[in-house]
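Architecture and fold: a report
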Amino acid sequence: MQEKYIDETKQGEAFAIAEKDGNSKKLFLESYGCQMNFSDSEIVASILNEQGYNTTLKVEEADLILLNTCSIREKAEQTVRMRLAQFKNLKKERPNMTVGVLGCMAERLKTKFLEEEQLVDLVVGPDAYRDLPNLLKETEDGRDAINVILSKEETYADINPVRLGGNGVTAFVTITRGCDNMCTFCVVPFTRGRERSRDPHSIIEECKGLWDNGYKEITLLGQNVDSYLWYGGGPKKDFAKASEMQKLTAVNFAQLLDMVAVAVPQMRIRFSTSNPHEMTEEVFKMIAKHDNICNYVHLPVQSGSDRILQLMNRQHTRQEYLDLIKRGKEIVPDISFSQDMIIGFCSETEEDHQLTMSLMREVEYDYGYMFSYSERPGTPAHKKMEDDIPADVKQRRLAEVIALQGELSRKRMEGYVGRVHEVLIEGISKKNKNQWKGRNSQNAVCVFDMQEGQKMGDIVNVFVFNNTQGTLLGEIVKSN
């Protein structure tokens with residue numbers, strides 16, 4: 001699986017950092033869902049590191065257990081509840097241990113979580129992590145603690161995230177928080193609040209710091225990076241009220257990309273996630289302008305049917321999306337695209353489904369993230385539309401979409417064969433301990449035999465001689 005999501009359908013990922021001298025308490029921190037949650041966990045670890053907590057990978061020795069949760073699909077929430085159930089015996093053995101739920105699931109369920117999960121002592125929404133020290137004092141006094149207040153200002157810009165786990169080569173840099181798009185299927189506007197952007201200077205300083213610490217690639221992160229707009233702070237929706245000077249000096253996403261690319265010229269730069277109705281030609285032009293911005297865009301479409309797109313409130317049509325893809329390929333000829341697709345949305349017909357399939361064939365995505373529609377309580381779709389597509393129909397259509405994407409992925413991978421690619425060594429291949437793995441500019445995973453003198457973080461030239469559906473097989477080209 002490519003690296004847009006930490007798969008929310010599997011057990012979460014726990015991370016640990018080097019111990020800080022003098023810290024005596026242990027934090028077990030597990031993340032579920034998207035990259036934003038992973039990035040938020042790094043902020044949480046940084047805040048608690050200053051409060052005397054070192055992270056641990058051993059849940060049985062933890063004084064504090066925190067699960068950073070996802071609400072994007074029902075299965076993600078079920079996974080978290082099952083994980084909490086595993087802690088019940090541990091809580092009986094260690095009654096002084098604190099268990100907390102962070103993130104989107106905490107924001108959605110609020111006090112209901114404390115009532116439903118008797119195990120949970122602490123419920124904290126995505127904008128309230130600064131309040132963790134105070135909330136933990138409340139739990140120490142024997143009280144349940146909750147803060148799910150959403151902010152119009154919070155970006156955690158001044159907090160230097162503690163890098164959890166990872167490979168020491170790639171890192172996430174959050175540039176926006178929240179979302180204003182109000183897609184009818186999505187809980188994010190309700191769990192993460194209004195869209196606001198982070199001070200570009202703090203972003204650049206973080207990127208420089210990562211480079212100084214040996215990182216070789218960053219992913220600029222946001223629910224919708226293309227809507228980035230810094231004019232001095234505050235929600236994007238209030239930009240119309242800004243002063244003339246603020247408007248004249250505002251920084252949009254294309255300009256931010258330019259600034260970051262210049263500030264760390266040897267750092268590889270990626271970004272996620274883009275939204276079709278916000279993305280502009282200027283972003284593609286920045287990719288073309290700077291060699292260190294990767295030739296890859298994750299551009300969710302969700303459906304190929306205009307009728308379904310309208311029901312989803314996606315704010316773009318099929319043709320507008322295809323025109324954007326076409327323009328991107330004209331400006332950046334070697335660009336790759338990936339997709340998000342929701343199958344079986346309310347009232348989806350067989351014709352709608354076939355329109356999705358035809359759009360996929362026209363775009364020829366490198367890969368995608370495809371899911372059957374999962375109704376989320378509180379969303380406009382849940383309130384106003386009927387989830388009327390039978391489960392067996394959803395699964396059949398999903399299987400067809402997945403199979404088609406498999407064909408397209410193999411075709412796209414074949415297009416990389418017979419060429420030399422710059423690949424950043426990110427780790428050791430899971431299937432062969434004598435091979436490196438990494439990605440090319442288009443985000444395609446490549447494996448190749450190790451050679452003496454190489455290390456993680458090196459960028460090497462790799463000749464690709466073969467491929468599977470999702471992986472390039474190569475060999476290092478020795479420099480003269």
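Residues numbered from 1 in each chain as written. Predicted model: local features only at pLDDT ≥ 70, side-chain atom pairs only at ≥ 80, totals over all residues. Heavy atoms only, no water.

The protein carries the name tRNA-2-methylthio-N(6)-dimethylallyladenosine synthase in an unreviewed UniProt entry, which gives Chryseobacterium piscium as its organism. Per UniProt, the protein has the following entry under Catalytic activity (unreviewed entry): "N(6)-dimethylallyladenosine(37) in tRNA + (sulfur carrier)-SH + AH2 + 2 S-adenosyl-L-methionine = 2-methylsulfanyl-N(6)-dimethylallyladenosine(37) in tRNA + (sulfur carrier)-H + 5'-deoxyadenosine + L-methionine + A + S-adenosyl-L-homocysteine + 2 H(+)". Under the heading Subunit (unreviewed entry), UniProt records this for the protein: "Monomer." (UniProt positions renumbered as here; feature names shortened; annotations may be inferred.)

Turning next to the nonpolar core. With 53 residues, the main nonpolar core has Leu220, Phe253, Phe271 and Phe284 as its most contacted residues. Here this core takes 6 residues from helix H10 (residues 253–263), the largest share from any one element. Apart from the residues within four sequence positions on either side, phenylalanine 253 is in contact with Ile175, Leu220, Val225, Asp226, Tyr228, Phe271 and Val283. Membership of the second largest hydrophobic core comes to 23 residues, among which are Leu64, Tyr129, Leu132 and Val162. (Core = buried A, V, L, I, M, F, W, Y, C linked by side-chain atoms within 4.5 Å. Buried < 20%, exposed > 50% of the residue type's maximum accessible area, 1.4 Å probe, protein only. Helix = DSSP H or I, 4+ residues; strand = E, 2+ residues; numbered from the N terminus. Contact = heavy atoms within 4.5 Å.)

For the structure on display, the rule yields 9 aromatic pairs. Ring geometry for tyrosine 231 and phenylalanine 239: centres 5.2 Å apart, planes at 70°, overall edge-to-face. A network of ring pairs unites the aromatic residues Phe185, Phe345 and Tyr373 as a single cluster. Lying over the aromatic face of phenylalanine 371, arginine 73 brings its terminal NZ or CZ to 3.6 Å of the ring centre. (Phe/Tyr/Trp six-rings, centres within 6.5 Å; stacked < 30°, edge-to-face > 60°. Lys NZ or Arg CZ within 6 Å of the ring centre and 35° of its normal.)

Here the focus is the sheet that holds strand S21 (residues 435–439). Taking strand neighbours around the barrel as the criterion, the 5 strands line up as S20-S21-S22-S24-S23 in a closed arrangement whose pairing is mixed. Averaged over all pairs of adjacent strands, the angle between strand axes in this sheet comes to 50°, irrespective of strand direction. Taken together, the 5 bridges between strand S20 (residues 420–428) and strand S23 (residues 459–467) define a ladder with antiparallel strand orientation. Pairing of valine 420 across the sheet is with phenylalanine 463, part of S23. (Pairing = 2+ DSSP bridges. Axes fitted to C-alpha atoms, helices over the stretch in contact; angles between N-to-C directions.)

With that out of the way, let us pick up the UniProt feature "domain: TRAM" (unreviewed entry) in the protein. Per the UniProt record, "domain: TRAM" (unreviewed entry) is annotated on residues 414–478. Between the C-alpha atoms that bound residues 414–478 there is a distance of 23 Å. The span itself is 2% helix and 52% strand.

Right, let's talk about the pairing of strand S6 (residues 64–69) for a bit. Burial within S6 is extensive, with 6 of its 6 residues counted as buried. Across the two faces of S6 the burial is the same, with Leu64, Leu66 and Asn68 and Ile65, Leu67 and Thr69 all buried. Sheet analysis places strand S3 (residues 25–31) next to S6, joined by 5 bridges and oriented parallel. Residue pairing for S6: leucine 27 is matched across the bridge by leucine 64. Bridging between S6 and strand S7 (residues 98–103) involves 6 bridges; their strand directions are parallel. Residue pairing across strands places isoleucine 65 opposite valine 99, the latter belonging to S7.

Turning to its location among the elements, serine 71 is positioned in the loop between S6 and helix H2 (74–85). When its relative accessible area of 1% is taken as the criterion, serine 71 is described as buried. In this structure, serine 71 is in contact with Glu77, Cys104, Met105, Arg108, Val187 and Arg376, ignoring residues within four places of it in sequence.

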